[in-house]
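# Structural overview for review
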Amino acid sequence: MLKTIRQSATFKASPHEVYEALMDSRKHSQFTHNKATISRKVGGKFSAYGDSLSGTNLELVPDKKIVQAWRANDWPAGHHSTATFTLTPVSGGTRLNFYQSGVPAKHYAGIKQGWIEFYWKPMKAMLETAR
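Residues numbered from 1 in each chain as written. Predicted model: local features only at pLDDT ≥ 70, side-chain atom pairs only at ≥ 80, totals over all residues. Heavy atoms only, no water.

### What about the overall build of the protein chain?
Along its length, the protein chain carries 3 helices and 7 strands. Shown N-terminal to C-terminal, the secondary structure of the protein chain runs as helices and strands in the order β-α-α-β-β-β-β-β-β-α. Here the protein chain has a C-alpha radius of gyration of 14 Å; the compact-globule value for 131 residues is 14 Å, and the two agree. Each principal axis of the C-alpha distribution contributes one length, and for the protein chain these read about 40 × 25 × 25 Å. Relative to its 131 residues, the protein chain shows a buried fraction of 47%. (Helix = DSSP H or I, 4+ residues; strand = E, 2+ residues; numbered from the N terminus. Rg over C-alpha atoms; globule rule 2.2 N^0.38 Å. Buried < 20%, exposed > 50% of the residue type's maximum accessible area, 1.4 Å probe, protein only.)

Right, here's the structure in full:
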């Protein structure tokens, strides 16, 4: 059984700064405190948290949208979810709307909480401290 995660977060940073935090290997590594290698091309590969997370970029619209085939290394072999990050300018910053479909049910709770704890909170801290 597969599940879907829907979340949103608001950052006091421009859509460009949020996009770069997600897509720039150095900035991504900075807020996760773990190695990230991220291609900036459609069809390019990425990995984060060492090799705990990996996948392929499916669609990239700079400063607006990222769509990735995404997987955790403890998922069934070959299984990928689809993670979509949509960035919208709002007063004082950026609203990130996140949608991840195809998450294995047994991993759903951990992945859902993981986005909050290991992505949105540290991204917010890095982006808002830089101001």
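Still more to cover.
### Remarks on the side chain of histidine 79
You can see histidine 79 is positioned in the loop between strand S5 (65-72) and strand S6 (81-90). Within polar-contact distance, the side chain of histidine 79 engages the backbone oxygen of glycine 102 at 2.6 Å. With residues up to four places along the chain from it excluded, the contact list for histidine 79 reads Leu2, Arg71, Gly102 and Pro104. (Polar contact = N/O pair within 3.5 Å; in protein donor to acceptor, adjacent residues only side chain to side chain. Contact = heavy atoms within 4.5 Å.)

### A short note on the packing of aromatic side chains
Tallied over the entire structure, the rule returns 13 aromatic pairs. A centroid spacing of 6.1 Å and a plane angle of 75° characterise the contact between tyrosine 49 and phenylalanine 118, whose relative ring orientation is edge-to-face. A residue pair is termed long-range when its members are at least 10 positions apart, and tyrosine 49 in the loop between strand S3 (45-48) and strand S4 (53-61) and phenylalanine 118 in helix H3 (residues 108-129) qualify at 69 residues. Given the relative accessible area of 16%, tyrosine 49 is considered buried. Taking the centre distance of 4.4 Å and the plane angle of 50° together, the rings of phenylalanine 98 and tryptophan 115 count as tilted. Here phenylalanine 98, found in strand S7 (residues 93-104), pairs with tryptophan 115, found in helix H3; they are 17 residues apart in sequence, far enough to count as distant. On the basis of relative accessibility, which here comes to 2%, the residue phenylalanine 98 falls in the buried class. Joined through ring pairs, the aromatic side chains of Phe31, Tyr49, Trp70, Trp75, Phe85, Phe98, Trp115, Phe118, Tyr119 and Trp120 make up one cluster. Its guanidinium or amino end placed over the ring of tyrosine 108, lysine 3 lies 4.4 Å from that ring's centre, counting from NZ or CZ. We note lysine 124 situated over the ring of phenylalanine 11; from NZ or CZ to the ring centre the distance is 5.8 Å. (Phe/Tyr/Trp six-rings, centres within 6.5 Å; stacked < 30°, edge-to-face > 60°. Lys NZ or Arg CZ within 6 Å of the ring centre and 35° of its normal.)

### A short note on the sheet that holds strand S1 (residues 2-11)
Read from one edge of the open sheet, 7 strands run S1-S7-S6-S5-S4-S3-S2, paired in antiparallel fashion. Two strands close off the open sheet at either side, each with one partner strand: S1 and strand S2 (37-38). In the packing of H3 onto the sheet, the strands contacted are S1, S3, S4, S5, S6 and S7, and the crossing angle to S1 comes to about 15°. (Pairing = 2+ DSSP bridges. Axes fitted to C-alpha atoms, helices over the stretch in contact; angles between N-to-C directions.)

The values are spatial; any link to function lies outside them.
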